[in-house]
Amino acid sequence: MPDYTTILDAMDVRLRLGIHPHEAEPQRVRLSVRMTVAYDRAPSADRIEEVLDYDFVREGILRMAAGEGFALQETLVDAVASLCLSDLRVREVKVRSMKLDVYPDAAVGCEVVRGR
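Conventions and cut-offs
- Residues numbered from 1 in each chain as written.
- Predicted model: local features only at pLDDT ≥ 70, side-chain atom pairs only at ≥ 80, totals over all residues.
- Heavy atoms only, no water.
- Helix = DSSP H or I, 4+ residues; strand = E, 2+ residues; numbered from the N terminus.
- Buried < 20%, exposed > 50% of the residue type's maximum accessible area, 1.4 Å probe, protein only.
- Salt bridge = Lys/Arg side-chain N within 4 Å of Asp/Glu carboxyl O.
- Phe/Tyr/Trp six-rings, centres within 6.5 Å; stacked < 30°, edge-to-face > 60°.
- Expected span 1.5 Å × (residues − 1).
- Arc of directions from axis to C-beta.
- Core = buried A, V, L, I, M, F, W, Y, C linked by side-chain atoms within 4.5 Å.
- Contact = heavy atoms within 4.5 Å.

Engineer: So what's going on with the overall build of the protein chain? Which residues, and what values?
Structural biologist: Looking only at helices and strands, the protein chain features 2 helices and 4 strands. Scanning the protein chain from its N terminus toward the C terminus, one meets helices and strands in the order β-β-α-α-β-β. When its C-alpha atoms are laid out on the principal axes, the protein chain stretches across 50 × 25 × 20 Å. The buried share of the protein chain, taken over its 116 residues, is 36%.

Here it is as structure tokens:
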């Protein structure tokens with residue numbers, strides 16, 4: 001059974017994320033997702049139906065960004081990881097979030113790895 005790593009990298013969204021008063025407004029957050037995906041066999045027909053279509057991850061993140069937001073980056077990355085694991089072919093997922101504008105000289109982030 002072949003495994004592939006499907007990557008959605010450096011997706012920038014504006015969302016409410018944080019506990020401080022100045023974080024009440026949406027801020028820039030960069031999300032990166034790496035999914036280890038198991039298939040019964042290697043794709044042979046070169047058709048999207050044979051593999052995981054990462055559109056569902058991107059669209060799910062956009063829905064999260066349009067929602068009420070999150071207090072903690074830990075909660076955000078767990079929500080994205082759960083979304084990815086909703087496809088039963090995903091064996092493991094690594095999600096990283098980075099707040100890009102908290103400090104003038106550094107981004108701050110959180111990363112989680114979840115698996116079956």
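Engineer: Which residues make up the pattern of salt bridges, and what values go with them?
Structural biologist: The final tally for this structure, using the stated rule, is 8 salt bridges. Ionic pairing is found between Arg89 and Asp87, a salt bridge with its closest N-O pair at 2.8 Å.

Engineer: Before we move on, can you summarise unusual backbone geometry with the specific residues and values?
Structural biologist: Its identity as a non-glycine residue notwithstanding, Ala10 has a phi of 55°, on the positive side. Following the sequence through the fold, Ala10 ends up in strand E1 (residues 3-15). The class for Ala10 is partly exposed, based on a relative accessible area of 39%. In this model, Asp46 sits at a positive phi of 55°, which is unusual for a non-glycine residue. The topology assignment puts Asp46 in the loop between strand E2 (27-38) and helix H1 (55-66). By relative accessible area, Asp46 is classed as exposed at 77%.

Engineer: Help me get a handle on the packing of aromatic side chains, residues and values and all.
Structural biologist: Evaluation of the coordinates by the stated rule reveals 1 aromatic pair. Residues Tyr4 and Tyr39 carry aromatic rings whose centres are separated by 5.6 Å and whose planes lie at 55° to one another, so their mutual orientation is tilted. In this pair, Tyr4 sits in strand E1 while Tyr39 sits in the loop between E2 and H1, placing the two residues 35 residues apart along the sequence. Residue classification places Tyr39 among the buried positions, given a relative accessible area of 5%.

Engineer: Requested: an account of H1, with residues and values cited.
Structural biologist: Every α-helix winds through 3.6 residues per turn, so residues three or four apart in the chain are directed the same way. With 12 residues, H1 should cover 16 Å at 1.5 Å per step; its first-to-last C-alpha distance of 17 Å lies within 8% of that length. Turning to H1, its buried residues are Val57, Gly60, Ile61, Met64 and Ala65. Down the axis, H1 shows its buried residues gathered within 140° of arc, on one side only. In H1, the exposed positions that point more than 90 degrees away from the buried face belong to Arg63 and Ala66.

Engineer: Lay out the nonpolar core in plain terms, naming residues and giving numbers.
Structural biologist: Judged by nonpolar contacts, the single largest core of 29 residues is most densely connected at Val33, Met35, Ile61, Leu76 and Val93. Listed by contribution, the elements that provide at least two residues to this core are E1, E2, H1, helix H2 (73-85), strand E3 (90-99) and strand E4 (108-115). The greatest single-element share of this core, amounting to 7 residues, is contributed by H2. When sequence neighbours within four positions are dropped, the list of residues in contact with Ile61 reads Leu8, Met11, Val13, Leu31, Val33, Val80 and Leu83.

Interpretation note: all reported values are geometric properties and have no functional meaning in isolation.
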